[in-house]
Amino acid sequence: MSTTFHASHPHPHPTPSSARLPLAYTPLSLTCSQSRDDRLARAYLAFLKSFPEYQGTWVLDSLRRTDFARLDRSGETYVDYMGGAQHPESLVHAHSQFLSDSVLGNTHSVSNSSTLSSICAHDARDAVLSFFRAPPGYTVIFTANATSALKLVGESYPFKQGSSYVLCADSHNSVHGIREFASRRGAEVHYIPSTPTGGFILSTAKNILQQRYSRDSAPSLFALTGQSNISNTKNPLEILAHASALGYHTVLDAAALAPTSTISLTDTPVDAMAVSFYKMFGYPTGVGALVVKETFLEVLERPWFAGGNVDVVQVPGTIVTRSASLHERFEDGTINYLSLSAVTDGVRFLSVYLPFLPLRLSCLMHFLTSSLIQMRHDTTGTPVVKILSKLPSKRLKYIGEQSDSGSTVSLIFLSPSGDMIPNSFVEHVAVSHNISLRTGCMCNPGGAAALLGIEDQMALLYPGVTLKDFERVVGRELGVVRISLGLATTFHDVWRVIDFASKFANHQIRQKLWDVWNDVPVGQAV
């Protein structure tokens, strides 16, 4: 009996007082309900023996038992932190209490309720600037998300004939989308190619920036993805200073970088940086920011105006006097004032636990990737998975260190013969085992093409092509299986992911899962 895999399927807080923590540590396996599983307990003790530094992050285990206890109550293993962080219960409760006790009003007024909302907005701006260590001269523009922040830059940047827009192939579609604004205004668009595991070669990037910079004083823009959401690559932020020295304006997409890494705008004075708060600390959704130099805002040209942007509008006529406040010129309409107090609390919450996170994730990533790489099919001894994303090379040892890669694993599952198992089947099995992961190209077509080795096919695309068309050319489903770790991730989550992956290594289990997915009688070969 054998299984043939097809390319498609019809289914579609305790607060630590300092970085030096007490050594007292109670293994989580002895306190949670999963401790009754001897296999899990043995695996956890072996893990601690291999990664003793993990015990220094015990405060995050305590956080899991309080702010994220629902994950264990529900039985759901959440490993899609790159898609969105889980919300801390204390943050939601504090915000709910504040809303219950407060009378808030539209910030475009001077009433008591409006004044309170304006104070919340001011506090949130200050908290965000402090969190990112922004020197004087920066401000915060609240947007719906990082995508809206990047769009704000793209639509307002003064591209013209002779301008250049330089970006990385391994970038989110929100960064690629800026090329539409650039092209329509006559600017040239130039890509820094991706390596087979994402990111770019620094010398290549510097050469492209040097060669493509406009010599006729036309403004040019360089957009850097701080961390890829699919390839796990952290790009060197020093290239922003190089681009700036050449004369480029610079924008950093930090949506994937900010949740687990320390970013200092004092050390990396980028012109603008885009973030989404739900990716950083889970709540609230629908609020992001452009953290931006005020001097850069003076360069931008808004293509329209709206309520809140202006001081005087002549009607009928053409005269418009913009708001005296720079950030108000770029915040269209009414900001999400009910949510801003949660942003203030959220960045303060994350600032407490962020120092411990890189060390914890380093331990878990090394354990996860090494376990997956060693996994073999029981019938052929061939690999069960192929990891396509960048593997962590630096093993952290101390609290406060920063990793050289993210906490994301992008991979494909392989059949015993080495063929790719459809991602839709993998996702079906994950759902049935209460594993929240993600499949697809992650809105990063350049990074996905590099990892999957289909850049040549990508170059042959034509206007109007659909995803199904593309998959027919490639001969299989497109995309990867993405597992991403975050603030609330524990060893137990990673162990469950490994246990889930092992189902594909066992011929009999895999066949039963396949039969259920295809809705055919159990035991009938497909």
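What you see is a predicted model, and the numbers here were worked out from it, not measured in a lab. (Residues numbered from 1 in each chain as written. Predicted model: local features only at pLDDT ≥ 70, side-chain atom pairs only at ≥ 80, totals over all residues. Heavy atoms only, no water.)

Chemist: Which parts of the structure should I look at to understand helix H19 (residues 467-474)?
Modeler: Since the α-helix packs 3.6 residues into each turn, any two residues three or four apart lie on the same face. Here H19 has its buried residues at Asp 469, Phe 470, Glu 471 and Val 474. A positive backbone phi angle near 90 degrees is found at Gly 475, which sits one or two residues after H19. (Buried < 20%, exposed > 50% of the residue type's maximum accessible area, 1.4 Å probe, protein only. Helix = DSSP H or I, 4+ residues; strand = E, 2+ residues; numbered from the N terminus.)

Chemist: It is not clear to me how the sheet that holds strand S15 (residues 480-484) should be interpreted in this structure. Could you clarify?
Modeler: Either a parallel or an antiparallel arrangement is found when strands of a sheet pair, and the pairing is made through backbone hydrogen bonds. Strand order in this open sheet of four strands is S11-S12-S15-S14, and the pairing throughout is antiparallel. A single partner strand is all that each edge strand has here, and the edge strands are strand S11 (385-387) and strand S14 (438-440). Pairwise comparison of adjacent strand axes, ignoring direction, gives a mean angle of 35 degrees for this sheet. With four bridges joining them, strand S12 (residues 408-413) and S15 adopt antiparallel strand pairing. The partner of Val 409 across the bridge, within S15, is Ile 483. Seen against the sheet, helix H16 (residues 423-432) touches S12, S14 and S15 and runs at an angle of roughly 40 degrees to S15. (Pairing = 2+ DSSP bridges. Axes fitted to C-alpha atoms, helices over the stretch in contact; angles between N-to-C directions. Contact = heavy atoms within 4.5 Å.)

Chemist: Sorry, what's going on with the packing of aromatic side chains here?
Modeler: Working definition: an aromatic ring pair is given by the centre-to-centre distance plus the angle between the planes. As enumerated under the stated definition, the model contains 22 aromatic pairs in all. The interplanar angle of 45 degrees and the centroid separation of 5.0 Å between the aromatic rings of Tyr 44 and Phe 491 together place this pair among those described as tilted. Residue Tyr 44 is located in helix H1 (residues 38-50), and its partner Phe 491 is located in helix H20 (residues 491-502); the two are separated by 447 residues in the primary sequence. A relative accessible area of 0% means that Phe 491 is categorised as buried. Taken together, the aromatic side chains of Tyr 44, Phe 47, Phe 51, Tyr 54, Phe 367 and Phe 491 make up a single cluster linked through ring pairs. (Phe/Tyr/Trp six-rings, centres within 6.5 Å; stacked < 30°, edge-to-face > 60°.)

Chemist: Looking at this model, I keep getting lost on the environment of Phe 281. Mind explaining?
Modeler: Positionally, Phe 281 belongs in helix H11 (residues 277-281). The sequence separation of Phe 281 and Val 429 amounts to 148 residues, and the corresponding C-alpha distance is 28 Å. Setting aside anything within four residues of it in sequence, one finds Phe 281 in contact with Ala 85, Gln 86, His 87, Pro 88, Leu 91, Ala 342, Val 343, Gly 346, Val 347 and Leu 350.

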